[in-house]
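What follows is the residue order along each chain.
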Amino acid sequence: MADLSPQELRVLAAVADAGGFSAAGAALGLTQSAVSHSVRGSEAKVGAVLFERGRGGASPTPAGERAVALARRILRMYEVLGAEARGAGRDTVAGVLRIAAFRSAALHLLPPALERLTARHPGIRPEVRVVRELGAGTAGEVAAGRADLGIATLNATGATGATGAGGAGGSVPAGAAAPGRLLTGVLREEAYALVHPAGHPDPRALPLLDWDENCGSYTRDWWRAQDWIPRATVKAEDDGMVLTMVGRGLGMAILPELSLREATDAVDITGLGPSGPVRRVGYVTTPESASTLAVRALIRELRSEAG
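Because the structure is predicted, anything quoted here is derived from the model rather than measured.

(A) The packing of helix H1 (residues 6-18) against helix H2 (residues 21-28), seen in detail. Between H1 and H2, the shortest axis-to-axis distance is 8 Å and the interhelical angle comes to 120°. Between H1 and H2, the interaxial angle falls into the category oblique. As for the relative orientation of H1 and H2, their crossing is right-handed in sense. Side by side, H1 and H2 meet where Arg10, Val11, Ala14, Val15 and Ala18 of the first sit next to Phe21, Ala23, Ala24 and Leu28 of the second. Residue classes in the contact of H1 with H2 are distributed as 8 nonpolar, no polar and 1 charged.

(B) Quick peek at the nonpolar core. Among the nonpolar cores identified, the biggest contains 25 residues, and Leu97, Leu110, Leu149, Ile151, Leu298 and Leu302 are the most heavily contacted of them. At the level of secondary structure, the elements contributing two or more residues to this core comprise strand E3 (95-101), helix H5 (103-120), strand E5 (149-155), strand E14 (278-285) and helix H11 (293-306). The biggest single contributor to this core is H5, with 7 residues. Leave out the neighbours within four places in its chain, and isoleucine 151 touches Ala100, Ala101, Phe102, Ala105, Leu109, Leu110, Thr138, Val281, Gly282 and Leu302.

(C) View of the side chain of arginine 279. Looking at the element boundaries, arginine 279 is found in strand E14. There is a polar contact of 2.5 Å between the side chain of arginine 279 and the side chain of glutamate 190.

(D) Empty space enclosed by the protein, seen in detail. Evaluated as defined, the whole model comprises 2 cavities of 30 Å³ or more. The calculated volume of the second largest cavity comes to roughly 30 Å³. Arg73, Arg76, Met77, Arg98, Gly145, Ala147, Asp148, Thr286, Glu288 and Ser289 are the residues that line the second largest cavity. Mapped by element, the contributors of at least two residues to the lining of the second largest cavity are helix H4 (62-87) and helix H10 (287-290). Here the lining of the second largest cavity takes 3 residues from H4, the largest share from any one element.

(E) Local environment of the packing of aromatic side chains. One pass over the structure, following the stated rule, counts 2 aromatic pairs. On the basis of an interplanar angle of 85° and a centroid distance of 6.5 Å, the ring pair of phenylalanine 21 and phenylalanine 51 is categorised as edge-to-face. Placement of the pair is phenylalanine 21 in helix H2 and phenylalanine 51 in strand E1 (residues 51-54), with a sequence separation of 30 residues. There is no split in this pair, since phenylalanine 21 and phenylalanine 51 are both buried.

(F) Representation of the pairing of strand E2 (residues 57-60) within the structure. Where E1 meets E2, 4 bridges bridge the pair, whose relative direction is antiparallel. The partner of arginine 53 across the bridge, within E2, is alanine 58. Linking two consecutive strands that pair antiparallel, namely E1 and E2, is a turn of 2 residues.

(G) Quick look at helix H8 (residues 239-247). Looking only at H8, the buried set comprises Asp239, Gly240, Val242, Leu243, Met245 and Val246. Structurally, the start of H8 carries an N-cap: the backbone nitrogen of glycine 240 is 3.0 Å from a side-chain oxygen of aspartate 238. Where H8 ends, the next residue or the one after it, glycine 249, has phi of about 85°, a positive value.

(H) Fine view of the environment of alanine 266. Counting through the fold element by element, alanine 266 comes out in the loop between helix H9 (257-260) and strand E13 (267-271). Here alanine 266 falls in the partly exposed class, since its relative accessible area comes to 34%. Sequence-distant contacts of alanine 266, that is, excluding residues within four places in its chain, are made with His196, Pro197, Ala198 and Gly247.

(I) Region of the structure containing the environment of arginine 132. Summarising the element assignment, arginine 132 is placed in the loop between strand E4 (124-130) and helix H6 (137-143). Classification of arginine 132 as partly exposed rests on a relative accessible area of 35%. Put simply, arginine 132 and aspartate 238 are 106 residues apart on the chain and 8.6 Å apart in space, counted from C-alpha to C-alpha. Once residues lying within four places of it in the same chain are set aside, the contact partners of arginine 132 are Gly137, Asp212, Glu213 and Glu237. A distance of 3.1 Å separates a polar side-chain atom of arginine 132 from the backbone oxygen of glutamate 237.

(J) Highlighting the packing of H2 against helix H3 (residues 32-46). Contact geometry of H2 with H3 gives a least axis separation of 8 Å together with a crossing angle of 105°. What the angle tells us is that H2 and H3 run roughly perpendicular. Across the interface between the two elements, Phe21, Ser22, Ala24 and Gly25 from H2 touch Gln32, Val35, Ser36 and Val39 from H3. In terms of residue class, the contact of H2 with H3 is built from 4 nonpolar, 4 polar and no charged.

(K) A look at the pairing of E5. Among the 7 residues of E5, 7 are classified as buried, and the element is accordingly described as predominantly covered. As defined by bridge partners, E3 adjoins E5 across 3 bridges and the pair is classed as parallel. By the bridge assignment, alanine 100 is partnered in E5 with glycine 150.

Criteria and cut-off values
Residues numbered from 1 in each chain as written. Predicted model: local features only at pLDDT ≥ 70, side-chain atom pairs only at ≥ 80, totals over all residues. Heavy atoms only, no water. Axes fitted to C-alpha atoms, helices over the stretch in contact; angles between N-to-C directions. Helix = DSSP H or I, 4+ residues; strand = E, 2+ residues; numbered from the N terminus. Parallel < 35°, antiparallel > 145°, perpendicular 65-115°, else oblique. Left-handed = near helix turned anticlockwise from the far one by under 90°. Contact = heavy atoms within 4.5 Å. Nonpolar A, V, L, I, M, F, W, Y, C, P; charged D, E, K, R; others polar. Core = buried A, V, L, I, M, F, W, Y, C linked by side-chain atoms within 4.5 Å. Buried < 20%, exposed > 50% of the residue type's maximum accessible area, 1.4 Å probe, protein only. Polar contact = N/O pair within 3.5 Å; in protein donor to acceptor, adjacent residues only side chain to side chain. 1 Å grid on protein atoms, 1.4 Å probe; cavity = no way out; pocket = protein on both sides within 12 Å on 5 of 7 lines; lining within 4 Å. Points joined across faces, edges and corners; volume = space filled by probe spheres on them. Phe/Tyr/Trp six-rings, centres within 6.5 Å; stacked < 30°, edge-to-face > 60°. Pairing = 2+ DSSP bridges.

Below is the structure:
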């Protein structure tokens, strides 16, 4: 099988991003026919149909999704090659570092690590995207080649999905390798707690407030075994919204420690005991990104921050 050239990889990624050959051509400064010709050539080399063509544009087939993800990751290695070579042996790191993180990690865990990282390596330019832990979540951004490192909720049991009382949250196995050959590492373990309006005499009698990303498969068994937890009467888009509503007296919630860092005097926090649920928060990266100077430096700072 003939190798795909960097330009062919760029075309595949552009078609997937733009949703069509014409739009990809416009983004790349190519004609629609040139893009079409390039894709057909790539499909012939790969031996698989990579895009479904239709009136509405072009969408990746399963083979195309995998090919595009790998194309982005390969192109990323081309981008960092120069910085890696210049930094070798000099303890200097420079260039863009792409990070995906869920909201509370981006708000509380990531900033101190980035502050130290950029102080030590002023040439690093972090680009942070907040990604909801639903479906593929932050790990999906890394697997798809859109992020060099993700901060994700890690599943201690090895299951690849996460569905809980509040909805479907993304999670990946904690260990050496995750689906799609991703590498993971645990940064912290944090307990869930009951949060309720301050001074309420019977918080467990209150309605349950929940959010879409809450309670992954690592807490599902515990959650189902609690006969005092009702079905959620309110489901919000994020944990900060839930915490605000609890402070307004609208109900109680079960939240992890990172989410509770924004708690005010309007709420009380009660532990759930030694058998209460615990979630793991960690990093996710690809084998190739894990060897780069910038990602290794960020992982060191994240581990330092996690203590």
